[in-house]
Amino acid sequence: MAITFHTFESPRAAAAALARDAAAALQAGCVARARASLVVSGGRSPIGFFNALSTALLPWAQVGVTLADERWVAPESADSNEGLVRAELLQNAAKVARFMPLKAVDSSPDSALVERWDAVASLALPFDFVVLGMGDDAHTASLFPGAAGLAAAMDATAAPALVSMQPLTAPHARISFNLSALLHTRHIALLIQGVAKRDVYDRAIANLDALSAPIGTVLRQQAVPVSVYWSA
């Protein structure tokens, strides 16, 4: 399937358009199947999107929300994606959505993988909408180049699951969707900003090595439509 690349004059315009498209997908899921599911990523870039989507007039009580990845920190930590989502997305109309966190009380991600995936899998599957980000090293979710276990996490023949990741270039142990879980959706959106990120995107598209540019594999796959929302 072809990638649909949207260009916007500002991050605010990109966030608004992404919010409209995500809301439409969630509404369609609720109408067709009486429930819908949304997977989001952390970081600063999606905050405008979270704020805009939180006010969408949706049957939010029928919507499940989870994360593509999480740092293994307490939800109260400034580094927690869960904390970010609760503060910026699960507000306004969206406060009644069902949120499924990835962080558990276990001491490490490894011991929580099966239990947390079973919890995530209780949401509407396949997911209706997955929103990803992209790092300067072409990682997405917590699928970092060079991390131990990346080859297994990027195995497209594996079952959808959570994996434990320890980045070489970023702090904190992580729990993350594997590639198959990221692709277990009806639609993928990638939100990126700036000329530097556009350069990373272009290089990732051309890089056929899944282990050095994980986002490139997500973008090149043919099973799930991808929309890119980019602002300079």
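Since this is a predicted model, take the numbers as computed values, not measurements. (Residues numbered from 1 in each chain as written. Predicted model: local features only at pLDDT ≥ 70, side-chain atom pairs only at ≥ 80, totals over all residues. Heavy atoms only, no water.)

S.K.: Describe the sheet that holds strand E7 (residues 162-165), naming the residues involved and giving the relevant values.
M.R.: Taking strand neighbours across the sheet as the criterion, the 3 strands line up as E4-E8-E7 in an open arrangement whose pairing is antiparallel. If you trace the sheet from one side to the other, it starts and ends with strand E4 (69-71) and E7, each paired once. Each strand of the sheet is rotated relative to its neighbour by a mean of 20 degrees, with strand direction disregarded. Across 3 bridges, the pairing between E4 and strand E8 (residues 174-177) is antiparallel. Among the inter-strand pairings, Glu 70 is bridged to a residue of E8, identified as Ile 175. Here helix H4 (residues 113-120) sits on the sheet in contact with E7 and E8, set at roughly 140 degrees to E7. (Pairing = 2+ DSSP bridges. Helix = DSSP H or I, 4+ residues; strand = E, 2+ residues; numbered from the N terminus. Axes fitted to C-alpha atoms, helices over the stretch in contact; angles between N-to-C directions. Contact = heavy atoms within 4.5 Å.)

S.K.: Give a detailed account of the pairing of strand E10 (residues 226-231), specifying residues and quantitative values.
M.R.: Of all 6 residues in E10, 6 are buried, a share of seventy percent or more. The alternating pattern of E10 places Val 226, Val 228 and Trp 230 and Ser 227, Tyr 229 and Ser 231 on opposite faces, both of which are buried. Where strand E9 (residues 188-193) lies against E10, 6 bridges are found, and the strand directions are parallel. Bridge pairing in E10 places Ala 189 opposite Ser 227. (Buried < 20%, exposed > 50% of the residue type's maximum accessible area, 1.4 Å probe, protein only.)

S.K.: Can you explain the sheet that holds strand E5 (residues 98-100)? Please cite residues and give values.
M.R.: In any sheet, the strands associate via hydrogen bonds between backbone groups, in a parallel or an antiparallel arrangement. If you walk across this open sheet you meet the 7 strands as E1-E10-E9-E6-E2-E3-E5, and the pairing is parallel. Edge strands, defined here as strands with exactly one partner in the open sheet, are strand E1 (3-8) and E5. Strand-to-strand, the axes of this sheet are offset by a mean angle of 20 degrees, without reference to chain direction. Relative to E5, strand E3 (residues 63-67) runs parallel, the two sharing 3 bridges. Within the sheet, the bridge partner assigned to Thr 66 lies in E5 and is Met 100.

S.K.: Which residues make up the packing of aromatic side chains, and what values do they have?
M.R.: Summed over the entire model, instances satisfying the criterion amount to 6 aromatic pairs. Seen in terms of ring centroids, Phe 5 and Trp 230 are 6.3 Å apart; in terms of plane orientation they differ by 45 degrees. Their pairing is tilted. Highlighted residues: Phe 5 in strand E1 and Trp 230 in strand E10, separated in sequence by 225 residues. On the accessibility criterion, Phe 5 (27% relative accessible area) is partly exposed. (Phe/Tyr/Trp six-rings, centres within 6.5 Å; stacked < 30°, edge-to-face > 60°.)

S.K.: Please set out the nonpolar core residue by residue, giving values where relevant.
M.R.: Considering soluble globular proteins, one finds that nonpolar side chains tend to be buried as a cluster. Among the nonpolar cores identified, the biggest contains 80 residues, and Phe 49 and Leu 53 are the most heavily contacted of them. A total of 9 residues in this core trace back to one element, the largest contributor, which is helix H1 (residues 11-33). For Phe 49, the contacting residues outside a window of four places in its chain are Ala 15, Leu 18, Ala 19, Ala 22, Val 40, Val 131 and Leu 191. (Core = buried A, V, L, I, M, F, W, Y, C linked by side-chain atoms within 4.5 Å.)

S.K.: Run through the packing of helix H2 (residues 47-54) against helix H3 (residues 81-88), naming residues and quoting values.
M.R.: Relative orientation of the contacting elements H2 and H3 amounts to 40 degrees, with a least axis distance of 9 Å. With respect to H3, the element H2 is oriented oblique. Contacts between H2 and H3 involve Ile 47, Phe 50, Asn 51 and Ser 54 from the former and Leu 84, Val 85 and Glu 88 from the latter. (Parallel < 35°, antiparallel > 145°, perpendicular 65-115°, else oblique.)

S.K.: How would you explain H4 if you had to name every residue and give the values?
M.R.: Turning to H4, its buried residues number three or more, namely Leu 113, Arg 116, Trp 117, Ala 119 and Val 120. In a view along the axis of H4, the buried residues occupy a sector of 155 degrees, so they form one face of it. Buried residues along H4 sit in contact with E3, E5, E7, E8 and helix H6 (179-182). (Arc of directions from axis to C-beta.)

S.K.: Requested: an account of unusual backbone geometry, with residues and values cited.
M.R.: The peptide bond linking Leu 125 to Pro 126 adopts the cis configuration, its omega dihedral lying at -5 degrees. Structurally, the position occupied by Pro 126 is in the loop between H4 and strand E6 (129-132). Even without being glycine, Ala 141 reaches a positive phi, approximately 50 degrees. Relative to the helices and strands, Ala 141 is located in the loop between E6 and helix H5 (150-153). A residue is classified by how much of its surface remains accessible, and Ala 141, at 10% relative accessible area, is buried.

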